[in-house]
Amino acid sequence: MTVIALAATRRRVPLAAGACLLSFTAFWLAQRAADVSMIDLMVYRAEGETVRAGGDLYALRTTEAHLPTTYPPFAALLFTPLTLLDTAAMRTLATLGNLALLIAFVHLSLRLIHGERHTRVESVLHARVESVLWASALAVWCEPVWTTLRYGQINLLLSVLVLWDLTRRPGHRWAGVGIGVAAAIKLTPALFAAFLLLAGAAEAVRRGPWRPAVRHACVAAVSFAGATLLAAAVLPYDSRRFWTRMVFEAGRVGLAEDTANQSLRGVLARLLHTGEPGAPWALAAAVTGALGLAVAVAAALRGERAWAALACAATALLVSPVSWSHHWVWCVPMVLLLGVEAARRDGRARWVAAGAAYLVFCSYALWWVPHGAGRLELDQNYGQMTLSALYVVAAFTFLLAAVTRLRTSRNA
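1. Notes on the overall build of the chain
Helix and strand counts for the chain come out as 18 helices and two strands. Taken over the C-alpha trace, the chain has a radius of gyration of 21 Å; the compact-globule value for 412 residues is 22 Å, and the two agree within 12%. Each of the three principal axes of the chain carries a C-alpha extent, and together these read 65 × 55 × 50 Å. For the chain, the residues scored as buried account for 50% of the 412 residues in total.

Written as structure tokens, this is what we have:
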């Protein structure tokens, strides 16, 4: 029976591969038909050119939108190879690279969800390959993934770096490098290091003075520091400007009320009809950050690695001053986790929750509201504000689901 099951699974893998290739091809054609600009990729290339020319990185304004440099200097160092490619080749390679990263992201997400207990069983390996391909075929149409490829963004790269770390075995010597490098490129992933440190400290209080999570966080911190110091050695002026000034100027990234800003700050800006929600946002972010990290740490202490990591991801997206819709590629492992939970526990409500989450991120509903030039988002009505807050609502719902999961497992 095992041999028959294995043969059947092997036969299904080519079907899944064909479906994934077909979906990716349709996606590629749709993006070309939409004449996507890949505008952020053009900004990255301009940053690389500025580094090579010895220019002022944070005085840069490029593309027809006059976009500024917003990432730490280390990111600009990594972008310099883009200057060796012509625009057409760069766009093609960026799209292919992001599609490959999506498959890697789905693979690592399922590895995080399932853990390591099945990795030596050949039939399960084939089943996992099949699952990765089918999930990737569907995930590519989610709005955060679509927009990531549309703009030529690096969200999938950062997410893969983080998940590569979080799926290492506890105590692995390289665990932490991915998070540290990701945070040196873009600051938001640094919250994962804080989560690991808190989880390790809480575990140490319970079981002893040294936990692998603490080492994990320390490696992340050292990796971040090393990358940042390297950038400071190569770009001392730009590094000084970023870490003493630019890092505090959230307004340089874009308007807080922009419908694409799916963070607490964006929702409050639209709700209060103001471009700067100020104290209400600071208070909401502090409370949400504390509660979200508490949920993540509690999940980690109970061995629920996937719920812990994704609770941390949801918290980071909520409290960040700006979380553009394409930053929400973390919806992919969130939906996968809900789907796996539904399959394991065979509950209709769980399947409804997983399906609803997928529809939220595939609905593109945040773009159904007035947006664009003229700061139209400041005049949204309550129905429009609800649509432009869907990702934030989904994140809070996911955190509530994590709390429910922990309570259920405790009472089991």
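There's plenty left to go through after this.
2. Things to note about the state of the cysteines
This structure, assessed with the given rule, holds zero disulfides. With no disulfide of its own, Cys218 has Cys312 as its nearest cysteine by sulfur position, at a separation of 16 Å. Here Cys218 falls in the partly exposed class, since its relative accessible area comes to 39%. Looking at Cys362, it has no disulfide partner, and the nearest cysteine sulfur is the one in Cys142, 3.5 Å off.

3. Focus: the pattern of salt bridges
This model, assessed by the stated rule, comprises 10 salt bridges. For Arg252, the salt bridge identified is with Glu249, shortest N-O distance 4.0 Å. A relative accessible area of 16% places Arg252 in the buried class. The exposure class assigned to Glu249 is partly exposed, which follows from its relative accessible area of 29%. A salt bridge links Glu341 to Arg344; the nearest nitrogen and oxygen atoms lie 3.7 Å apart. Note that Glu341 and Arg344 are positioned in helix H15 (residues 331-345) at a spacing of three residues, about one turn of the helix. Judged by relative accessible area, Glu341 falls into the buried class, the value being 5%. Relative accessible area serves as the criterion here: at 41%, Arg344 is assigned to the partly exposed category. The network of salt bridges with shared partners includes Glu304, Glu341, Arg344 and Arg405.

4. A few points about the nonpolar core
Within soluble globular proteins, side chains that are nonpolar generally end up buried alongside one another. Ranked by internal contacts, the top residues of the largest apolar core, which has 109 residues, are Phe195 and Trp330. What Phe195 contacts, discounting residues up to four positions off in sequence, is Leu293, Ala296, Val297, Ala300, Ala308 and Cys312.

5. Here's the deal with the packing of aromatic side chains
Inspection of every chain in the model, using the stated rule, returns 15 aromatic pairs. On the basis of an interplanar angle of 80° and a centroid distance of 5.2 Å, the ring pair of Phe27 and Trp146 is categorised as edge-to-face. With a gap of 119 residues between them, Phe27 in helix H1 (residues 2-33) and Trp146 in helix H6 (residues 143-151) connect regions that are remote in the sequence. Residue classification places Phe27 among the buried residues on the basis of a relative accessible area of 0%. Given a relative accessible area of 14%, Trp146 falls into the buried group. An angle of 90° between the planes, with centres 6.0 Å apart, marks the rings of Phe224 and Trp243 as edge-to-face. Of the two residues, Phe224 sits in helix H10 (residues 212-234) while Trp243 sits in helix H11 (residues 236-244), which places them 19 residues apart along the sequence. One aromatic cluster is present, formed by Tyr58, Phe224, Phe242 and Trp243 through successive ring pairs.

6. Description of the environment of Phe224
On the accessibility criterion, Phe224 (25% relative accessible area) is partly exposed. Distance in space between the C-alpha atoms of Phe224 and Thr408 is 37 Å, their sequence separation being 184 residues. If we skip the residues at most four places from it in the chain, Phe224 touches Gly180, Ala183, Ala184, Leu187 and Trp243.

7. Observations regarding the side chain of Gln380
Note on placement: Gln380 falls in the loop between helix H16 (348-362) and helix H17 (382-387). One polar contact links Gln380 to Ser388, side chain to side chain, over a distance of 3.0 Å.

8. Thoughts on helix H12 (residues 264-272)
Across the nine residues that make up H12, a large majority, seven, are buried. Listed in full, the buried residues belonging to H12 are Leu264, Arg265, Gly266, Val267, Leu268, Ala269 and Arg270. His273, located one to two residues past H12, shows a positive phi value of around 55°.

9. Some remarks on the confidence of the model for the chain
Residues of the chain with pLDDT of at least 70 account for 93%, and the chain-wide mean is 89. Helix H14 (residues 305-319) holds the highest mean pLDDT among the elements of the chain, 97, whereas helix H5 (residues 122-139) holds the lowest, 78. Throughout residues 1-6 the model reports pLDDT below 50, and contacts reaching past four residues in sequence, or to other chains, amount to three contacts. Contacts of residues 117-124 to residues separated by more than four positions or lying in other chains number nine contacts, the stretch itself having pLDDT below 50.

10. Quick word on unusual backbone geometry
The backbone phi angle of Asp35 is positive, close to 55°, even though this residue is not glycine. With respect to the element layout, Asp35 can be found in the loop between H1 and helix H2 (39-53). A positive phi is found at Met38, a non-glycine position, where the angle reads about 50°. With respect to the secondary-structure elements, Met38 resides in the loop between H1 and H2.

11. Concerning the packing of helix H8 (residues 177-185) against H10
Between H8 and H10, whose axes approach to 7 Å, the crossing angle comes to 40°. As judged from the angle between their axes, H8 and H10 are oblique. At the point where H8 passes H10, the crossing takes the right-handed sense. Contacts between H8 and H10 involve Val177, Ile179, Gly180, Val181, Ala183 and Ala184 on the former and, on the latter, His216, Val219, Ala220, Ser223, Phe224, Ala227 and Thr228.

12. Focus: the packing of helix H7 (residues 155-166) against H8
Angle between the axes and distance between the axes: these two values describe a pair of packed helices. It is the contact of H7 with H8, at a shortest axis distance of 7 Å, that shows an interaxial angle of 155°. By the angle between their axes, H7 is roughly antiparallel relative to H8. The handedness of the crossing between H7 and H8 comes out as left-handed. Counted together, Leu158, Leu161, Val162, Trp164, Asp165 and Leu166 of H7 and Val177, Gly178, Ile179, Val181, Ala182 and Ile185 of H8 form the full contact between these two elements. Taken together, the residues of the contact of H7 with H8 break down into 10 nonpolar, one polar and one charged.

Reading the values: the criteria
Residues numbered from 1 in each chain as written. Predicted model: local features only at pLDDT ≥ 70, side-chain atom pairs only at ≥ 80, totals over all residues. Heavy atoms only, no water. Helix = DSSP H or I, 4+ residues; strand = E, 2+ residues; numbered from the N terminus. Rg over C-alpha atoms; globule rule 2.2 N^0.38 Å. Buried < 20%, exposed > 50% of the residue type's maximum accessible area, 1.4 Å probe, protein only. Disulfide = S-S within 2.5 Å. Salt bridge = Lys/Arg side-chain N within 4 Å of Asp/Glu carboxyl O. Core = buried A, V, L, I, M, F, W, Y, C linked by side-chain atoms within 4.5 Å. Contact = heavy atoms within 4.5 Å. Phe/Tyr/Trp six-rings, centres within 6.5 Å; stacked < 30°, edge-to-face > 60°. Polar contact = N/O pair within 3.5 Å; in protein donor to acceptor, adjacent residues only side chain to side chain. pLDDT = per-residue confidence, 0-100. Axes fitted to C-alpha atoms, helices over the stretch in contact; angles between N-to-C directions. Parallel < 35°, antiparallel > 145°, perpendicular 65-115°, else oblique. Left-handed = near helix turned anticlockwise from the far one by under 90°. Nonpolar A, V, L, I, M, F, W, Y, C, P; charged D, E, K, R; others polar.

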